[in-house]
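# Summary of the model geometry
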Amino acid sequence: MRVSLPLAVALSFALAAAAHGAERSYVPLQQRLSAEQLKATGLDTLSSQQIQLLDQLLSQDHASAVEETAKQVRSERRGLLDRHGPEEPLVSQLKAGEFRGWSSGTVLELENGQRWRVIEGSLFIGKPIPAPKVTIRPGLMGGWYLEAEGQTQKAKVKRVE
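All of these numbers come straight from a predicted model, not from anything done at the bench. (Residues numbered from 1 in each chain as written. Predicted model: local features only at pLDDT ≥ 70, side-chain atom pairs only at ≥ 80, totals over all residues. Heavy atoms only, no water.)

### Considerations on the overall build of the protein chain
From N to C terminus, the protein chain includes five helices and eight strands. Order of helices (α) and strands (β) in the protein chain, N terminus to C terminus: α-α-α-α-α-β-β-β-β-β-β-β-β. Counting the 161 residues in the protein chain, one finds 29% classified as buried. Across the protein chain, the fraction of contacts at a sequence separation of at least 24, relative to all contacts at a separation of at least 6, is 57%. Split by element, the accessible area of the protein chain, about 10,500 Å² in all, is 53% carbon and sulfur. (Helix = DSSP H or I, 4+ residues; strand = E, 2+ residues; numbered from the N terminus. Buried < 20%, exposed > 50% of the residue type's maximum accessible area, 1.4 Å probe, protein only. Contact = heavy atoms within 4.5 Å. Areas by Shrake-Rupley, 256 points an atom, 1.4 Å probe, with all protein chains shown as cover.)

Below, the structure written as structure tokens:
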């Protein structure tokens, strides 16, 4: 599963808080279910010790699930940072060929082999430029912005795997 960097950061904060308070956030069955629901599921036939044990087991599973999800999000976030670098701009050159600009959906291939898809922005150059130097910088909330040498327009881009 691929998770965008902003979503990973938001989930990291939410899940860290949830993992920290996971045991307290579990709601016991007798508080969660109505008398009719307890009866319909057969849980009303259990002794109070059995209900208490079941609550204890479910609470542990809940905490484990929250922690496992938090680990996955942290791992995915580390993977994103490993692929893109934490805060440093990427400087490369477009693969050889004529460059005329970009529009939403355009995939730009760099000489280092990376491919980036334009998700916002457009640029049209009347006279083609042969393989310009490009800089891709991190923006706020995990966005990445590409600019071509000599051009003022920027494109919001996303790495194509």
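Moving on from the coordinates now.
### Observations regarding unusual backbone geometry
With phi around 40°, Ala131 is a residue other than glycine that occupies positive phi space. Considering the arrangement of structural elements, one finds Ala131 in the loop between strand S5 (123–130) and strand S6 (133–138). The exposure class of Ala131 is buried, given its relative accessible area of 12%.

### Details of the nonpolar core
By size, the foremost hydrophobic cluster in this structure holds 16 residues, and its most contacted members are Phe99, Trp102, Leu108, Ile136, Leu146 and Val157. Secondary structure elements with two or more residues in this core: strand S2 (98–102), strand S4 (115–120), S5, S6, strand S7 (144–148) and strand S8 (154–160). Leaving out residues up to four positions away in the same chain, Val157 has contacts with Trp116, Arg117, Val118, Ile119, Ile136, Trp144, Tyr145 and Leu146. Leu29, Leu38, Leu43 and Ile51 belong to the second largest nonpolar core, which has five residues in total. (Core = buried A, V, L, I, M, F, W, Y, C linked by side-chain atoms within 4.5 Å.)

### Details of the pairing of S6
As paired strands, strand S1 (residues 90–93) and S6 are joined by four bridges and run antiparallel to one another. In the sheet register, Leu90 faces S6, and the bridge partner there is Ile136. Between S6 and S7, which follow one another and run antiparallel, lie five residues, and Met141 among them has a positive phi close to 55°. (Pairing = 2+ DSSP bridges.)

### Some details on the environment of Ile136
Along the chain, the position of Ile136 falls in strand S6. You can call Ile136 buried: its relative accessible area is 0%. As a C-alpha pair, Ile136 and Glu88 span 48 residues in sequence and 8.9 Å in three-dimensional space.

### A word on the sheet that holds S8
Read across the sheet, six strands follow the order S1-S6-S7-S8-S4-S3 without closing on themselves; strand pairing throughout is antiparallel. Of all strands in the sheet, those bounded by a partner on one side alone are S1 and strand S3 (107–109). Neighbour-to-neighbour, the strand axes of the sheet open up by a mean angle of 35°, direction not taken into account. Here S3 runs beside S4; their pairing, made up of three bridges, is antiparallel. Within S4, the residue paired with Glu109 across the bridge is Arg115. (Axes fitted to C-alpha atoms, helices over the stretch in contact; angles between N-to-C directions.)

### Describing the pattern of salt bridges
For the coordinates displayed, the defined rule picks out three salt bridges. In this structure, the salt-bridge partner of Glu109 is Lys95, at a minimum N-O distance of 3.1 Å. Taken as a pair, Glu109 in strand S3 and Lys95 in the loop between S1 and S2 lie far apart in primary sequence, 14 residues in all. Assessed through its relative accessible area of 31%, Glu109 is described here as partly exposed. Measuring nitrogen to oxygen at the nearest pair gives 3.2 Å for the salt bridge that ties Arg137 to Glu147. Of this pair, Arg137 sits in strand S6 while Glu147 sits in strand S7, placing them ten residues apart in sequence. What emerges from the salt-bridge pattern is a single network uniting Arg137, Glu147 and Lys154. (Salt bridge = Lys/Arg side-chain N within 4 Å of Asp/Glu carboxyl O.)

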